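Architecture at a glance
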Amino acid sequence: MDYVSTPPKLITKEADVTPTVLAAMADTDNPRLKEIMTVLVEHLHQFILKTRPTEEEFEYALRWIVEIGQRTNEFHNEVVLAADVLGASTLIDLINNDGMQGETMSALLGPFYRGDAPVCANGDCIARSQTPGATLFFSGRVIGTDGAPIAGAMLDVWQASPVGLYENQDETQEDCNLRGKFISEADGRYHFRSVKPAGYPVPTDGPVGVLLRAQNREPMRPAHVHFIVSAPGHKTLITQIFSDTPEALAADVVFGAKQQIVGNFVMHTAPHPDYPDASLPFYTCEYDFKLVRGKSTLPVPPISGKKS
Ligand code: DHB
Ligand code: FE
């Protein structure tokens, strides 16, 4: 190349950097990638120019990100946790799931979905190993936004044990404890047995915990049960059904709780004819999941296994 007559310009000052980087990316073929990377670079540079980090601060930030990656493996996902405590996951959830057609409100997936839980029969108990906590009978229907039952819908359920650990974090729990898939019956009904969930701290032994402590934030999530409800011809619903106080719901460290998905958990202190063998007190929760028509997809699981 002949640079003698018109040599290309090199960066000489702060204000040169953003246009030079944008020009370097200008030939991106995929228009969506081009849009996303352009806005990302513009905002990243604006953020850096506004906060003017020192070199030590930049090194610290890069180490924090490296640790997020190093902490992530097949049974723990610190990347998802970081996105969640920053509110990014809830914002993306709300952008993509506004509930405007009467469908059940969604909530973030979180870092603990495995995707490989066993298929169970309706009525089965998902507490596979000795699990503390009051018995919970969870039931309801899967219906369309028109109220018509949806038969053959898949409900993938998971929750933490009442000691506050998901099975994948806890060597004392059996593989896939408190996880199971259920298929809705001809009238849309599903039902299963479990234990009443308890509030639960997100893992704080990694870089996300360092940040939460520096911000004087409590790591707690309100008690919840996770659901992915999917059926052919319907938009998949990723949600959580909550059971906690208004204060705990509002203090959710990952901003996932919504009023529409608070369950009606009823405590029973006397024997009930429908549940003759349940020890007292036990709980029931009935929740109907409403699906809107659309594309049936499943998320890529953030984890795939259990620590052993
Ligand atoms: C997160 C979600 C959960 O459901 C949970 O139990 C812990 C953490 C999260 O969004 O990071
Ligand atoms: Fe959870």
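Residues numbered from 1 in each chain as written. Chains lettered and ligands numbered in written order. Predicted model: local features only at pLDDT ≥ 70, side-chain atom pairs only at ≥ 80, totals over all residues. Heavy atoms only, no water.

**With respect to the overall build of the protein**
Of the regular secondary structure elements, the protein holds 7 helices and 11 strands. Structurally, the protein occupies a C-alpha span of about 90 × 40 × 35 Å along its principal axes. Buried residues in the protein amount to 42% of all 308 residues. Partitioning the intrachain contacts of the protein with sequence separation of at least 6 by distance along the chain shows that 73% fall at a separation of at least 24. With the model as given, the accessible surface of the protein reaches about 16800 Å², and the carbon-plus-sulfur share is 58%. Separation of charge centres in the protein, based on 26 positive and 38 negative side chains, amounts to 2 Å. (Helix = DSSP H or I, 4+ residues; strand = E, 2+ residues; numbered from the N terminus. Buried < 20%, exposed > 50% of the residue type's maximum accessible area, 1.4 Å probe, protein only. Contact = heavy atoms within 4.5 Å. Areas by Shrake-Rupley, 256 points an atom, 1.4 Å probe, with all protein chains shown as cover. Lys, Arg positive; Asp, Glu negative; His and termini not counted. Charge placed at Lys NZ, Arg CZ, Asp CG, Glu CD.)

**As for the sheet that holds strand 7 (residues 224-230)**
What the 4 strands build is an open sheet, ordered 3-2-7-8; its pairing is antiparallel. Unpaired on one side and paired on the other, strand 3 (179-183) and strand 8 (237-242) mark the two borders of the sheet. The average angle at which neighbouring strand axes cross in this sheet is 20 degrees, direction not considered. The pairing of strand 2 (residues 154-158) with strand 7 spans 5 bridges and is antiparallel. Bridge pairing in strand 7 places Trp158 opposite His226. (Pairing = 2+ DSSP bridges. Axes fitted to C-alpha atoms, helices over the stretch in contact; angles between N-to-C directions.)

**Looking at the environment of Val41**
Here Val41 shows up in helix 2 (residues 31-51). Overall, the relative accessible area of 8% leaves Val41 in the buried class. In the structure, Val41 is positioned 209 residues away from Ala250 in sequence and 33 Å away in space, judged by C-alpha atoms. In this view, Val41 contacts Val21, Leu22 and Met25; residues no more than four positions away in its chain are not counted.

**Digging into the layout of surface pockets**
Size it by volume and the largest pocket reaches roughly 920 Å³. Those elements that provide at least two residues to the lining of the largest pocket are helix 2, helix 3 (55-70) and helix 6 (207-214). Of all the elements, helix 3 adds the most residues to the lining of the largest pocket, at 9 residues. A breakdown of the residues in the lining of the largest pocket according to their chemical character gives 17 nonpolar, 3 polar and 2 charged. In this structure, the second largest pocket spans a volume of roughly 390 Å³. What lines the second largest pocket is a set of 20 residues, among which Asp93, Asn97, Leu109, Ile238 and Pro299 lie closest to the centre. Among the secondary structure elements, those contributing two or more residues to the lining of the second largest pocket are helix 4 (78-85) and helix 5 (88-96). Examining the composition of the lining of the second largest pocket, we find that 4 residues originate from one element, helix 5, more than from any other. Residues belonging to the lining of the second largest pocket are distributed by class as follows: 9 nonpolar, 7 polar and 4 charged. (1 Å grid on protein atoms, 1.4 Å probe; cavity = no way out; pocket = protein on both sides within 12 Å on 5 of 7 lines; lining within 4 Å. Points joined across faces, edges and corners; volume = space filled by probe spheres on them. Nonpolar A, V, L, I, M, F, W, Y, C, P; charged D, E, K, R; others polar.)

**Some words on the UniProt feature "domain: Intradiol ring-cleavage dioxygenases" (unreviewed entry) in the protein**
Feature annotation in UniProt places "domain: Intradiol ring-cleavage dioxygenases" (unreviewed entry) on residues 138-166, given in this structure's numbering. Here residues 138-166 runs as 0% helix and 41% strand, with 19 Å between its end C-alpha atoms. (UniProt positions renumbered as here; feature names shortened; annotations may be inferred.)

**A closer look at the site of ligand 1**
By nearness alone, 13 residues border ligand 1, and Asp84, Pro111, Arg221, His224 and His226 come closest of all. Contact between ligand 1 and Tyr166: an oxygen atom at 3.1 Å from a side-chain N or O atom of the residue. In this structure, Arg221 approaches ligand 1 through a side-chain N or O atom, which is 2.8 Å from an oxygen atom. When isolated, ligand 1 has an accessible area of 290 Å², and the protein chains bury 100% of it. Within the residue set of the shell around ligand 1, elements represented by two or more residues are helix 4 and strand 7. Here the shell around ligand 1 is composed, by residue class, of 8 nonpolar, 3 polar and 2 charged. (Near = heavy atom within 4 Å. Polar contact = N/O pair within 3.5 Å; in protein donor to acceptor, adjacent residues only side chain to side chain.)

**A look at the pairing of strand 2**
The buried fraction of strand 2 amounts to 4 of the 5 residues, a majority that puts the element mostly inside the structure. As paired strands, strand 2 and strand 3 are joined by 5 bridges and run antiparallel to one another. Each residue of the ladder has a partner; that of Val157, found in strand 3, is Gly180.

**Focus: the nonpolar core**
Ranked by size, the top nonpolar core spans 31 residues in total, and within it Phe138, Phe227, Ile241 and Phe289 carry the most contacts. At the level of elements, strand 1 (135-144), strand 2, strand 4 (189-195), strand 7, strand 8, strand 10 (282-286) and strand 11 (289-291) are the ones that each hand at least two residues to this core. Not counting residues up to four positions away in its chain, the partners in contact with Phe227 are Phe138, Leu155, Asp156, Val157, Trp158, Phe192, Leu237, Ile238, Thr239, Ile241 and Phe289. Ile68, Val208, Leu211 and Val254 belong to the second-largest nonpolar core, a separate cluster that totals 12 residues. (Core = buried A, V, L, I, M, F, W, Y, C linked by side-chain atoms within 4.5 Å.)

**Regarding unusual backbone geometry**
Residue Leu280 is joined to Pro281 through a cis peptide bond whose omega torsion reads -15 degrees. Within the fold, Pro281 resides in the loop between strand 9 (265-268) and strand 10. Residues other than glycine seldom take positive phi values, yet Cys176 does so here, at roughly 65 degrees. Overall, the relative accessible area of 5% leaves Cys176 in the buried class. Backbone geometry places Leu178, a non-glycine residue, at a positive phi of 60 degrees. Tracing the chain through its elements places Leu178 in the loop between strand 2 and strand 3.

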